[in-house]
Amino acid sequence: SQQGEEDPQALSIQEGENATMNCSYKTSINNLQWYRQNSGRGLVHLILIRSNEREKHSGRLRVTLDTSKKSSSLLITASRAADTASYFCATDSYSGTYKYIFGTGTRLKVLA
Amino acid sequence: GAGVSQSPRYKVAKRGQDVALRCDPISGHVSLFWYQQALGQGPEFLTYFQNEAQLDKSGLPSDRFFAERPEGSVSTLKIQRTQQEDSAVYLCASSRAPGGATGELFFGEGSRLTVL
């Protein structure tokens, strides 16, 4: 597989703190997405950032993209216990057709 | 339907049995993807359909895996002669646009396969 890498693999913080997770990928992209997965559930789309964008905000989420370093970060501000989940980055990959390649994920635990 | 629907949610199979997993994408979505997710890992790409055409099956791990989408809507992932290493959650996702590069993927809840 050609998955990206997220770090940290696991993160435990107190409610109200900020959570930052990073994603590195290998090949050139058109866009990068972040998804969230609650235990035993499907993935839910959070935010998409295009290769010509450097930063994007959505509510308490802030995503940055550095294409020169092939990396992205997801910041969740003022975290809540309900933010406890696994977070994955996904990059588009073209090899004849488009498909999304997912990273290994960061397991976030927010303690109340 | 309102979202992507997968069935069964849970399937236990004895080694060597054949299984079929169904995905009902969001109505009108052109693109359909199957992913395999092992415990504690990220989803791994299996195959991609644009309408009824299977344009990419590079992720299917062996010829025991077969997927179809005959009328461009419902898709079935079939695994023949299941092995223990096939135990995983199989996720289906659909997207409005052709190819996945132009927008978000909508995922189903997954089908958890356990092979004994």
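Residues numbered from 1 in each chain as written. Chains lettered and ligands numbered in written order. Predicted model: local features only at pLDDT ≥ 70, side-chain atom pairs only at ≥ 80, totals over all residues. Heavy atoms only, no water.

### Here's the deal with the packing of aromatic side chains
Here's step 1: Evaluated as defined, the whole model comprises nine aromatic pairs over all chains.
Here's step 2: The interplanar angle of 85° and the centroid separation of 5.3 Å between the aromatic rings of F102 of chain A and Y35 of chain B together place this pair among those described as edge-to-face. In this pair, F102 of chain A sits in strand β10 (residues 98-102) while Y35 of chain B sits in strand β4 (residues 31-37), so the two residues belong to two different chains. Across the pair, Y35 of chain B and F102 of chain A agree in class, each one buried.
Here's step 3: Seen in terms of ring centroids, F102 of chain A and F107 of chain B are 5.9 Å apart; in terms of plane orientation they differ by 80°. Their pairing is edge-to-face. Of this pair, F102 of chain A sits in strand β10 while F107 of chain B sits in strand β10 (residues 106-107), placing the two residues on different chains.
Here's step 4: A residue is classified by how much of its surface remains accessible, and F102 of chain A, at 0% relative accessible area, is buried.
Here's step 5: An aromatic cluster of three or more residues is present, and its members are Y35 and F102 of chain A together with F33, Y35, F45, Y48 and F107 of chain B. (Phe/Tyr/Trp six-rings, centres within 6.5 Å; stacked < 30°, edge-to-face > 60°. Helix = DSSP H or I, 4+ residues; strand = E, 2+ residues; numbered from the N terminus. Buried < 20%, exposed > 50% of the residue type's maximum accessible area, 1.4 Å probe, protein only.)

### Quick notes on the sheet that holds strand β8 (residues 75-79) of chain B
In a beta sheet, neighbouring strands are held together by backbone hydrogen bonds and run either parallel or antiparallel to one another.
Residue and element names in this part refer to chain B.
Here's step 1: One open sheet accounts for four strands, arranged β1-β3-β8-β7; its pairing is antiparallel. Of all the strands in the sheet, just β1 (5-7) and β7 (65-68) have a single pairing partner and so form its edges. Looking at each pair of strands side by side, their axes are set apart by 15° on average, direction ignored.
Here's step 2: Relative to strand β3 (residues 19-24), β1 runs antiparallel, the two being bridged by three bridges. Paired with Q6 across the strands is C23, a residue of β3. (Pairing = 2+ DSSP bridges. Axes fitted to C-alpha atoms, helices over the stretch in contact; angles between N-to-C directions.)

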